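Each chain, letter by letter, is given below.
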Amino acid sequence: MINIYDFKIAHPETFKQLSVRDLLFVYYKCPQVDKLMQLYNHYNLIVFTLGGERIIHLGEKSWTATKDTSVFQSKTAYVQELTETVDWEVLAFYIPDEFLKQFANEFRDQLSIQKTPAISGEIMFEISLNDAIRTYFYSMIPYFTQKLPPSEKLLELKFKELLLNILTNPSNKELLAYIINLSDNFKKPIWQVMENNYKYNLKISEFAQISSRSLSSFKKEFYECYQTTPGRWLTEKRLQHAKMLLNTSKLAVSEIAFNSGFENVSHFSRIFKEKHGCSPLQFKKKPVEIS
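So, a few notes on the structure that sits alongside this text. (Residues numbered from 1 in each chain as written. Predicted model: local features only at pLDDT ≥ 70, side-chain atom pairs only at ≥ 80, totals over all residues. Heavy atoms only, no water.)

Regarding its fold elements, the protein chain presents 13 helices and eleven strands. C-alpha extents for the protein chain along the principal axes are approximately 65 × 45 × 30 Å. The 291 residues of the protein chain split such that 49% are buried. Put simply, of all contacts in the protein chain between residues at least 6 apart along the chain, 73% involve residues at least 24 apart. For the protein chain, the exposed area adds up to about 14,400 Å²; of that, 51% sits on carbon and sulfur atoms. Each charge class in the protein chain was averaged separately, 36 positive and 32 negative side chains, and the resulting centres sit 4 Å apart. (Helix = DSSP H or I, 4+ residues; strand = E, 2+ residues; numbered from the N terminus. Buried < 20%, exposed > 50% of the residue type's maximum accessible area, 1.4 Å probe, protein only. Contact = heavy atoms within 4.5 Å. Areas by Shrake-Rupley, 256 points an atom, 1.4 Å probe, with all protein chains shown as cover. Lys, Arg positive; Asp, Glu negative; His and termini not counted. Charge placed at Lys NZ, Arg CZ, Asp CG, Glu CD.)

Judged by nonpolar contacts, the single largest core of 40 residues is most densely connected at Phe 25, Ile 46, Leu 91, Phe 93, Phe 137 and Leu 175. Looking at this core, the elements with two or more residues in it are strand E2 (16-20), strand E3 (23-29), strand E5 (44-52), strand E10 (88-95), helix H2 (97-106), helix H3 (131-140), helix H4 (152-167) and helix H5 (173-183). Once residues lying within four places of it in the same chain are set aside, the contact partners of Phe 137 are Ile 46, Phe 48, Ser 70, Leu 91, Phe 93, Leu 129 and Leu 162. One finds Ile 4, Cys 30, Leu 39 and Val 71 within the second-largest nonpolar core, a separate group that totals 24 residues. (Core = buried A, V, L, I, M, F, W, Y, C linked by side-chain atoms within 4.5 Å.)

This part takes up the side chain of Thr 69. Checked against the element boundaries, Thr 69 lands in the loop between strand E7 (61-65) and strand E8 (70-73). The class for Thr 69 is buried, based on a relative accessible area of 16%. One polar contact links the side chain of Thr 69 to the main-chain carbonyl oxygen of Thr 66, over a distance of 2.5 Å. The contacts of Thr 69, once residues within four sequence positions are left out, are Val 47, Phe 48, Thr 49, Trp 63, Thr 64 and Leu 129. (Polar contact = N/O pair within 3.5 Å; in protein donor to acceptor, adjacent residues only side chain to side chain.)

With respect to the helices and strands, the residue His 42 is situated in the loop between strand E4 (36-40) and E5. Looking at His 42, the relative accessible area reads 12%, which means it is buried.

Moving on: unusual backbone geometry. Positive phi, close to 60°, is recorded for Asp 68, a residue that is not glycine. When you line up the elements, Asp 68 lands in the loop between E7 and E8. By relative accessible area, Asp 68 is classed as partly exposed at 27%.

For the rest of this paragraph, the subject is the environment of Lys 219. Positionally, Lys 219 belongs in helix H8 (residues 215-226). For Lys 219, a relative accessible area of 42% puts it in the partly exposed group. Along the sequence, Lys 219 and Phe 207 sit twelve residues apart, while their C-alpha atoms lie 9.9 Å from each other.

Put simply, H3 and H4 touch, their axes get as near as 9 Å, and they point 155° apart. If you check the angle between H3 and H4, you find them roughly antiparallel. H4 is crossed by H3, and the crossing has left-handed handedness. Along its contact with H3, which presents Ala 132, Ile 133, Tyr 136, Phe 137, Ser 139 and Met 140, the element H4 presents Lys 158, Phe 159, Glu 161, Leu 162, Asn 165 and Ile 166. In terms of residue class, the contact of H3 with H4 is built from eight nonpolar, two polar and two charged. (Axes fitted to C-alpha atoms, helices over the stretch in contact; angles between N-to-C directions. Parallel < 35°, antiparallel > 145°, perpendicular 65-115°, else oblique. Left-handed = near helix turned anticlockwise from the far one by under 90°. Nonpolar A, V, L, I, M, F, W, Y, C, P; charged D, E, K, R; others polar.)

Orientation of helix H9 (residues 230-248) relative to helix H11 (residues 265-276), taken along the N-to-C sense of each, is 90°, at an axis distance of 11 Å. The orientation of H9 with respect to H11, classified from their angle, is roughly perpendicular. Where H9 approaches H11, its residues Thr 235, Glu 236, Leu 239, Ala 242, Lys 243 and Leu 246 are matched on the opposing element by Phe 268, Ile 271, Phe 272, Lys 275 and His 276. Split into classes, the residues belonging to the contact of H9 with H11 amount to six nonpolar, two polar and three charged.

Shown next as structure tokens:
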């Protein structure tokens, strides 16, 4: 599965980028050719669409990225879908948790934290844009084309400017609540990370990464929560989801394998047959008799 932050860092010829420490600005036209791609981020992400479109699927929810729309996405896995509008021109901003915490503590007196709603558990927030936020995004483009790159100090200030513009807009109070909660050292519960991401083909180390835990801490907390290992839980959970899709959908077996987080069709078929005594295709044809 592709860690999209690492992938962009490794391909500066495609993704024009400016960085200071782990903070990353990226400006690009998306090179996606496959209809569906499974991706994940181990940093928070703000995306602004300059033109074209993509569809982002997160669990049961979807969001269509179109011109002059923006979204904040916390650390998670997701599916990115290519549409008939092939081109997608994007500004992307990758922000570690630690920077968000430092920002919230530094500017707490300028943020309306007393009026924030309860934490919703959402992992993606559509950003409500005003003229100041929209102007900010377009003002960033010249930094990628000027001969001398901006200083690291200026880039850090630009990240703070972006966050201030977004979080002082009252329409983005749910996102503000998320960041304030993060600054108070809140970590997503293990169950929430797993339920949101089990359908993606992530490694155990990648689940730990997006849960903001070390691998050893993740495994320890996971066992305390589920009384089993992550590998066993994931296999069973993915098989349950695949069985439901075989029973209720018209998707091909290959699509069901993809949508259930299995590495490939042959791996899915082998694991399914070990569990149910028949192939996924046989089960799909006669689910009642075989089950």
